[in-house]
Amino acid sequence: MVDMINVFQPSLGEQELAAVREVFESNWVGRGERANEFEAGFARHIGVGREHVTSVNSCTEATFIAMELAGVGPGSEVVLPTVSFVGAGNAIASRGAQPVFCDVDPRTLNPTVADVEAVLTPRTKAVLILHYGGYPGEVAQIAQLCRDRGILLIEDAAIAIASRVDGRPCGTFGDMGVWSFDHGKIVVTVDGGMLYVRDPELAARAPKLAYFGLEQKSGYDQALRARTRWWDFEISSFSRRSVTNDVLTAIGNVQLSRLPEFIERRREIARRYDSGLAGLDGLLCPPPLPAGHESSYYMYWVQFEGGIRDEIARDLYERGIYTTFRYPLLHKVAAYGSGALLPNAEAAADRTLLLPMHQALSDADVERTIEAVRECVSERLGGAGGVKLAVADRRAG
Ligand SMILES: *Cc1c(COP(=O)(O)O)cnc(C)c1O
């Protein structure tokens, strides 16, 4: 039986194991020095002050906290692309607010500034965009629109950990940003998330919301000197426990140091797909990145003409290649109560497929995938013309 090629896969190895071993041996596995180091390293990575970031146990939890900090509640609307992660929709709806879904560009699957503007109302409290596949999209223009209208911008940068526009990291264009380190992302801590908050006062509230709303009254030393009890406390909100720990963040510290190498490999894989699939009739590769844009290459998505996407996904599976589609349209999910008609997103959702993309793919895996896609497309579209053309292209390239 052939080995299956995964769509997403983490790269965890000896270095991460050694870091975990060290934490075990230190006898402190809860939130401590490693988590502090992870937050400081991440803040450096996105070029913000250490006090503006809080690490939590998932990106979804970071989004829930962001909505609370944004003051989103009953009567308010939050705009998000219908091509969004389900946790983002839930973070809005769980606060009694209305998620308002906007359309996306049919090729990039990112919302354009016009898509966002079209659904703003006087009740819009915030806009929550993501960076599809790691492509930044029109984030700078959307940030400007939000500033002009006095609306908060929150970036779901879950899959945009190394994405930039003119050198500026995605996740830092708006008022808040969230990132994911779950098992399928680029930097993996098994489970984990990060929250960036621009406003210093709101940023100071974030770690409290992540830990019972607890107000730290004093430490051991202070309490000893003042002859008070260090176990007394006050709370400022009825909050949950969303903190991370030193086992997971020790893994994160190693992963963060490997990020440049991960991105380099992903860029190379995207380049191989681009040249290997170029000119294949009935298939479109991702559009080129605009000048000044850098991607994290989290996804490599192709789009099929002729309504063959689902068949191709099954054909590839039979050849040992997993593919998938992200993110199924949220305006179609009944529980959100949306009646929107979003034609570009609907067309894109019917023809887009994610090919395997992760840094552990070998050149042979990528070749095998390219060959399989070519074969499946020509079989399904019933002509060899496209294949001949593409083979000629590849010889030339
Ligand atoms: C994975 C993902 C999330 C959620 O991250 P978790 O850490 O699993 O909660 C949010 N948004 C996007 C775009 C994602 O891909």
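Residues numbered from 1 in each chain as written. Predicted model: local features only at pLDDT ≥ 70, side-chain atom pairs only at ≥ 80, totals over all residues. Heavy atoms only, no water.

Going by the annotation in an unreviewed UniProt entry, the name recorded for the chain is Aminotransferase, with Streptosporangium brasiliense given as the source organism. Quoted verbatim from the Sequence similarities (unreviewed entry) field of the UniProt record, the comment on the chain reads "Belongs to the DegT/DnrJ/EryC1 family." (UniProt positions renumbered as here; feature names shortened; annotations may be inferred.)

Give me the sheet that holds strand S8 (residues 176–180): which residues, what numbers.
The strand order across the open sheet built from seven strands is S1-S9-S8-S5-S4-S2-S3, with neighbouring strands paired in mixed fashion. Here the strands that pair on one side only, and so sit at the sheet edges, are strand S1 (53–56) and strand S3 (98–102). The sheet shows a mean angle of 20° between the axes of neighbouring strands, taken without regard to direction. Each of strand S4 (124–130) and strand S5 (152–156) touches helix H6 (residues 139–149); the most contacted strand, S5, lies at about 155° to it. (Pairing = 2+ DSSP bridges. Helix = DSSP H or I, 4+ residues; strand = E, 2+ residues; numbered from the N terminus. Axes fitted to C-alpha atoms, helices over the stretch in contact; angles between N-to-C directions. Contact = heavy atoms within 4.5 Å.)

For the side chain of Gln255, give the residues involved together with the corresponding values.
Along the polypeptide, Gln255 turns up in helix H9 (residues 246–277). Here the side chain of Gln255 touches Val188 through a polar contact of 2.8 Å, landing on its backbone nitrogen. Ignoring sequence-local partners within four residues, the contact set of Gln255 consists of Ser11, Leu12, Glu16, Ile186, Val187, Val188 and Phe262. (Polar contact = N/O pair within 3.5 Å; in protein donor to acceptor, adjacent residues only side chain to side chain.)

With reference to specific residues and values, describe the side chain of Lys185.
Among the secondary structure elements, Lys185 is positioned in the loop between S8 and strand S9 (193–197). With residues up to four places along the chain from it excluded, the contact list for Lys185 reads Ala158, Ile159, Ser180 and Tyr298.

Give me a nonpolar patch on the surface: which residues, what numbers.
Where nonpolar side chains cluster on the molecular surface, the patch consists of Tyr220, Leu224, Trp230 and Trp231 and spans about 520 Å² of accessible area. As for its position among the elements, Trp230 is in the loop between helix H8 (220–226) and strand S11 (234–235). Classification of Trp230 as partly exposed rests on a relative accessible area of 38%. (Patch = residues over 30% accessible without salt bridge, like charges linked within 9 Å, V, L, I, M, F, W, Y side chains within 5 Å. Areas by Shrake-Rupley, 256 points an atom, 1.4 Å probe, with all protein chains shown as cover. Salt bridge = Lys/Arg side-chain N within 4 Å of Asp/Glu carboxyl O. Buried < 20%, exposed > 50% of the residue type's maximum accessible area, 1.4 Å probe, protein only.)

Pulling in residues and values, what's your account of the packing of aromatic side chains?
Applying the stated criterion across every chain yields a total of 14 aromatic pairs. Plain terms: the ring middles of Phe8 and Tyr298 are 4.8 Å apart, the flat faces sit at 10° to each other, and that makes the pair stacked. Of this pair, Phe8 sits in the segment before helix H1 (14–26) while Tyr298 sits in the loop between strand S13 (293–294) and strand S14 (300–304); the two residues are 290 residues apart in sequence, bridging distant segments of the chain. No difference in accessibility class separates Phe8 from Tyr298, as the two residues are buried. On the numbers, 4.7 Å between centres and 35° between planes, the contact of Tyr273 with Tyr300 is tilted. One end of the pair, Tyr273, is in helix H9; the other, Tyr300, is in strand S14, with 27 residues separating them in the sequence. Note that Lys185 overlies the ring of Phe85, its terminal NZ or CZ placed 6.0 Å from the centroid. The ring of Phe325 carries the charged tip of Arg309 above its face, separated from the ring centre by 5.7 Å. (Phe/Tyr/Trp six-rings, centres within 6.5 Å; stacked < 30°, edge-to-face > 60°. Lys NZ or Arg CZ within 6 Å of the ring centre and 35° of its normal.)

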